[in-house]
Amino acid sequence: MIRRPPRSTLFPYTTLFRSPSYGFYCRYVKGLSFNNVRLSTSRVDTRPAFVFDNVEDLELNGVKAQRSPGSKAPVVYRNTKDVVIYNSPSLVMDAGGSN
C-alpha cells in the first residue's frame, strides 16, 4: 500500500510552477502501465520525459523518449518499486533508482 505524506509536503514549491518532467509526472500511483508511448519536444528540454515518484507496480512497454543534449536521463525513479520494462532499452532502471 502506498502511503501519502502529510498534506504540507504534497506539493513542493519547485513543482507548483513547472513540472519536473516534460512528459509525465506520476506520483502516488499503484498499478500503472505505459504501452507504445513516444515522447519528444520541439525544442531543447533537459528535464526527463518521465518522473515516477512513489509508484508501485509499474510497467513500461515499447516506450521511447527523446533525450536533449545536456539531459541526465529520460526517466527518474524515486521510491518506485516492482518495475517491469519491455522493449524500452533506454529506460532500464539501475540500482541507484535512475537510468
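Preceding this paragraph is the structure being described.
Reading the values: the criteria
- Residues numbered from 1 in each chain as written.
- Predicted model: local features only at pLDDT ≥ 70, side-chain atom pairs only at ≥ 80, totals over all residues.
- Heavy atoms only, no water.
- Core = buried A, V, L, I, M, F, W, Y, C linked by side-chain atoms within 4.5 Å.
- Buried < 20%, exposed > 50% of the residue type's maximum accessible area, 1.4 Å probe, protein only.
- Helix = DSSP H or I, 4+ residues; strand = E, 2+ residues; numbered from the N terminus.
- Contact = heavy atoms within 4.5 Å.

**So, the nonpolar core**
In this structure, Phe34, Phe50, Phe52, Leu58, Leu60, Val63 and Tyr77 are the most contacted members of the largest nonpolar core, which totals 17 residues. Within the residue set of this core, elements represented by two or more residues are β1 (24-35), β3 (50-61) and β5 (75-78). Broken down by element, the residue count for this core peaks at five residues, all from β3. If we ignore the near neighbours within four places in the chain, the residues touching Val63 are Phe34, Val37, Arg38, Phe50, Asn87, Ser88 and Leu91.

**Some words on the environment of Arg18**
Examined against the element boundaries, Arg18 turns out to sit in the loop between α1 (13-16) and β1. The partly exposed category is assigned to Arg18, whose relative accessible area is 48%. Ignoring anything within four residues of it in the chain, the contact list for Arg18 reads Asp45 and Arg47.

**Focus on unusual backbone geometry**
The bulk of non-glycine residues show a negative phi, and the bulk of peptide bonds are trans. Although it is not a glycine, Asn54 adopts a positive phi angle of roughly 60°. The residue Asn54 is located in strand β3 in this model. The backbone of Asn79 shows a phi angle near 50°, a positive value even though the residue is not glycine. On the secondary structure map, Asn79 appears in the loop between β5 and β6 (81-86). In this structure Asn79 comes out as exposed when scored by relative accessible area, which is 61%.

**Some remarks on the environment of Ser88**
Tracing the chain through its elements places Ser88 in the segment after β6. With a relative accessible area of 2%, Ser88 lands in the buried category. Once the C-alpha coordinates of Ser88 and Val63 are considered, the two residues, 25 residues apart in sequence, prove to be 5.3 Å apart. Not counting chain neighbours up to four residues away, the residues in contact with Ser88 comprise Leu60, Asn61, Gly62 and Val63.

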